[in-house]
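Chain and residue survey
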Amino acid sequence: LQWSNSMTLKVIQHILGASNCLFVGSYRSNEVSPNHAVFRLMKELEASKQCSVQKLILDGVKCEDLNTLVSDALCLFPRVTRGLSSIIHEKTEGNPFFFLEFLRSLVDRGLLQYSMGLERWEWDEDLIRLEKITNNVLFLLANKMSRMRMEVQMALKVLSSFGNEVNEKIITYLNTTSQFVDILSGVEEAISDGFVSRVGEPLCYVFVHDKVREAAYSLIPDDAKDDFHCMLGEALRSISKGDGLDDNTVITIADQINHNLDALRQSGSSMRLEVASLNHMAALAAMSRSDNDTASAYLSVSLQLLPDDHWQSSYRLSLKLYIATAKVACSSGYMDKSDAALKVIFKEATSLEDKLEAYYLYVNLLHSQERGEEAHMTCQDVLAQLGEKIPEYVTAEESKKIIQEIIVIISGLSEEKLLKLKEADENSQTVMRFICLMGTVSYFSKPELLPYLNLRSIQLTMENGLCKYSLIGLVGISIVLCNVTALPKECVQVGYKIGALGMAMLQSHFEYSELKSRVNHAYSYVLQHSDPVQNCAERARKGYGFGITSGDTVFAFLNANGEIRYSILAGANLPDLLRETDKYLTLIGNHGNTLSRSYMFVYRETISALIDNGENTSLTTTTENGEKEVANDAIYLDRQSDTLSFHKVLQSFWLGYHDRCYHYSEKLLETKDSGKHHRLVTLFYHGLNSFVLLRKGKFTKRCAQVYKIAHSALKEAEELSRWNYRNKVNLLVAEKYSFQGYNKEARNSYGAAIMSARSSKFFHEQGLACELAAFHCQRNGDLEQARKFFDQARTCYKKWGSSVKVESISNEIDQLSFSESAAVEVQIGTA
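Computed from a predicted model, the values in this text were never measured in an experiment.

Digging into the sheet that holds strand β4 (residues 196–199)
- Spatial strand order, β3-β5-β4: three strands in an open sheet with antiparallel pairing. Each edge of the open sheet is held by one strand with a lone partner, namely β3 (165–167) and β4. Pairwise comparison of adjacent strand axes, ignoring direction, gives a mean angle of 25° for this sheet.
- With four bridges joining them, β4 and strand β5 (residues 204–207) adopt antiparallel strand pairing. By the bridge assignment for β5, Ser197 is matched with Val206.

Observations regarding the pattern of salt bridges
- Counting across every chain of the model gives 35 salt bridges.
- Here Lys343 and Asp339 are joined by a salt bridge, their closest N and O atoms 3.1 Å apart. Of this pair, Lys343 and Asp339 both sit in helix α19 (residues 335–348), separated by four residues, roughly a single helical turn.
- Residue Asp339 is classed as buried on the basis of its relative accessible area, which comes to 18%.
- Of the charged contacts, one joins Arg456 and Glu388 as a salt bridge, the two residues approaching to 2.6 Å between their closest N and O atoms. In this pair, Arg456 is assigned in helix α25 (residues 450–464) and Glu388 in the loop between α21 (372–385) and α22 (396–410), connecting sequence segments 68 residues apart. Accessibility classification places Arg456 together with Glu388 in one group, the buried group.

Some details on the packing of aromatic side chains
- Going through the model one piece at a time under the given rule, you end up with 23 aromatic pairs.
- Seen in terms of ring centroids, Phe653 and Tyr685 are 4.8 Å apart; in terms of plane orientation they differ by 45°. Their pairing is tilted. You can see Phe653 sitting in helix α33 (residues 642–654) and its partner Tyr685 sitting in helix α35 (residues 676–696), a full 32 residues away along the chain.
- Residue Phe653 is classed as buried on the basis of its relative accessible area, which comes to 10%.
- Take Tyr685: its relative accessible area is 3%, and that puts it in the buried class.
- These aromatic residues form a ring-pair network of at least three members: Phe653, Trp654, Phe684, Tyr685, Tyr797 and Trp800.
- Taking NZ or CZ as reference, Arg213 lies 4.6 Å from the ring centre of Tyr217, over its face.
- If you follow Lys516 out to its NZ or CZ, it ends over the ring of Phe546, 4.8 Å from the centre.

Considerations on the pairing of strand β1 (residues 112–115)
- Direction of pairing for β1 relative to strand β2 (residues 120–123): antiparallel, over a ladder of four bridges. Residue pairing across strands places Gln113 opposite Glu122, the latter belonging to β2.
- Hairpin geometry of β1 and β2 is characterised by an intervening segment of four residues between the two adjacent antiparallel strands and by a positive phi of about 55° at Glu119.

Some points on the side chain of Arg272
- Mapping Arg272 onto the fold places it in helix α15 (residues 269–288).
- Despite its burial, Arg272 remains without a salt bridge, the nearest opposite charge being carried by Asp309 at 7.6 Å.

Here's the deal with helix α32 (residues 594–612)
- Taking 1.5 Å as the rise per residue, α32 with 19 residues should run 27 Å; its terminal C-alpha atoms sit 27 Å apart, in good agreement.
- Capping the start of α32 is the job of one residue whose side-chain oxygen sits 3.3 Å from the backbone nitrogen of Leu595: Asn593.
- Asn613 occupies a position one or two residues after α32 and carries a positive phi of about 60°.

Conventions used here
- Residues numbered from 1 in each chain as written.
- Predicted model: local features only at pLDDT ≥ 70, side-chain atom pairs only at ≥ 80, totals over all residues.
- Heavy atoms only, no water.
- Pairing = 2+ DSSP bridges.
- Helix = DSSP H or I, 4+ residues; strand = E, 2+ residues; numbered from the N terminus.
- Axes fitted to C-alpha atoms, helices over the stretch in contact; angles between N-to-C directions.
- Salt bridge = Lys/Arg side-chain N within 4 Å of Asp/Glu carboxyl O.
- Buried < 20%, exposed > 50% of the residue type's maximum accessible area, 1.4 Å probe, protein only.
- Phe/Tyr/Trp six-rings, centres within 6.5 Å; stacked < 30°, edge-to-face > 60°.
- Lys NZ or Arg CZ within 6 Å of the ring centre and 35° of its normal.
- Lys, Arg positive; Asp, Glu negative; His and termini not counted.
- Expected span 1.5 Å × (residues − 1).
- Polar contact = N/O pair within 3.5 Å; in protein donor to acceptor, adjacent residues only side chain to side chain.

What follows is the structure, given as structure tokens:
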């Protein structure tokens, strides 16, 4: 770990915090400073309590144990070798690798030799003690290497220049050049001498210890190292030219040749362009591994090597480099750098075709920064240039007709029929690609356009042929059909079917790895109505991984939003969820993604409220005047937000603010564009809350209607997902029976609600059902049963991690105990 940079250690920290695994990390204490990042990693892991950390200090072998090894190696009694062992321990401090090399060096120097006459090993301790041998293993190894044949020394120099290991293919390439014609024989001798081993598939040459590699590298004078690397790189570039090189080979060659940039800048223009192209290939290889920092370094080298008139003399290479620079910068969170690179492309590119990739990236960049209007207009402009005119606005009546037209077209669709369509040409695929992108933007900025965009998607597919964007369009259609509140159940079922068809065909017939994150995010809006909400959270977590891997951070973070949102609804452990949310907030903040950050702040506020009402977990701060202020983000200023209203419903219900819950529920349900899933969950809490208000005599007329609306909607939702909605329907029915005085029916329904919530692993709603059952028993004088239900509720809320609910239930139990004591005293007094 002493060689790890801060980014590598952050990845390790993330893995340890997100999974159950045994991790063993080591570092050399003499190679790290007190402020090294490895110490910060250990400190943060211990503070976070995400995993247990144990430190083991590995000192050198003790003198007594070393003597056992020496006596065993020399086949002599320990008392005979004790003096020699003491000298070796003094010189090597018990380092196993060092003392073995030291022992070998004594044999090489003749200071330890086998006597044929005496038939035993013998040595002179005084001579060994007087030898001026540094206590550094590098000295021993380098000294030994310097006495070897020149071919072996050259082999060791070459191998060490590539690091601790190098692919056999690289050495084979070098062996065909005049400079390194005997390198293979030198490598074989290095293997037989124990410095190097041949391992793995494909075969690699690996130094047996990093100190061996360090000693071999020291054979190259410091002032000649850059030239030596460059010579290797140039030899490899020349001999491998024209071969179909794999990513590892490209990166290896680029790393060598980049060691001497000053010399490269002074070379001829042809050479500079070839090396610039090589670095572009290396950057693409690094990008495919999500190593954006390394990719950025390669691209920087490429751009430095371009001539001043590169947009005229090297147009294609310049275009590729600026596109890659914009992608890497966007994936790494350097939005200004990405924007600058894209602006250069818009200025210098000579055709719409050459600008398309830049426009696609630019729209995603705008979308991530909540610049929806600009993103929408950019899509509209590009599509217009491609011959596809998109209307500015679609009325509600037009949307209804469009949806009916879509249903007619897709009703008879099947995989067999779609596969009979011809393959869409490149222009049609480009149009479809931007329509899909515009659909993503419109979902947030102009949702009224979604039905029209979906219609054009399926129409273009039927007219011009099939492509992967056609199937993404089918997923888009399913989102509309499953989430428009006014549509009948039959339309929703058609939506599920067409969405499943699109996903199945994408997975079986198309390569869409670069789109997996966004497709995963889109399809979650369909599955949230049918699949267990825990599965939706897991799917979103995987979607985050797809996005990070492919460099699509915009949708990686939207999937992260989805994971937290679904986890809240699933009743996931709140403290764990808070840590996960804070982790995502840090990453999103580093990338400047204000869209995802806005939503994540709202989710965090809800989690904090559910844990302890924000007392110790909120991001709010206190001003000098003692007033509270929330974290600065645009979403807090937009009180009309559907998401914000929904989360105010959650917070106010669970914290017992019944009037506030009623207010935000009514506000969300009045919003025509609110999501169907939000509406269903809101109706559940609104329905339960209405019975509390009815008992208080508040909003009686409206509250009497709410139950019917909520029960009807949730009953229909239950037909599609018993897992997600059965317990909710049972609990609503239980509250209705309790309010009406049907005690037996109420108890049965409370029991059904508790059992179904437990079956679906909704610990929070299981606790809620127990809590409401306890209040029912309390109202009807069954205090003993009420206590049992309160105890069950408290256990569930502890699992949920809600301190505020645990405290609330504990207070109810204390109050119940007080009431029971008072009742006993009254009975005694009466007696």
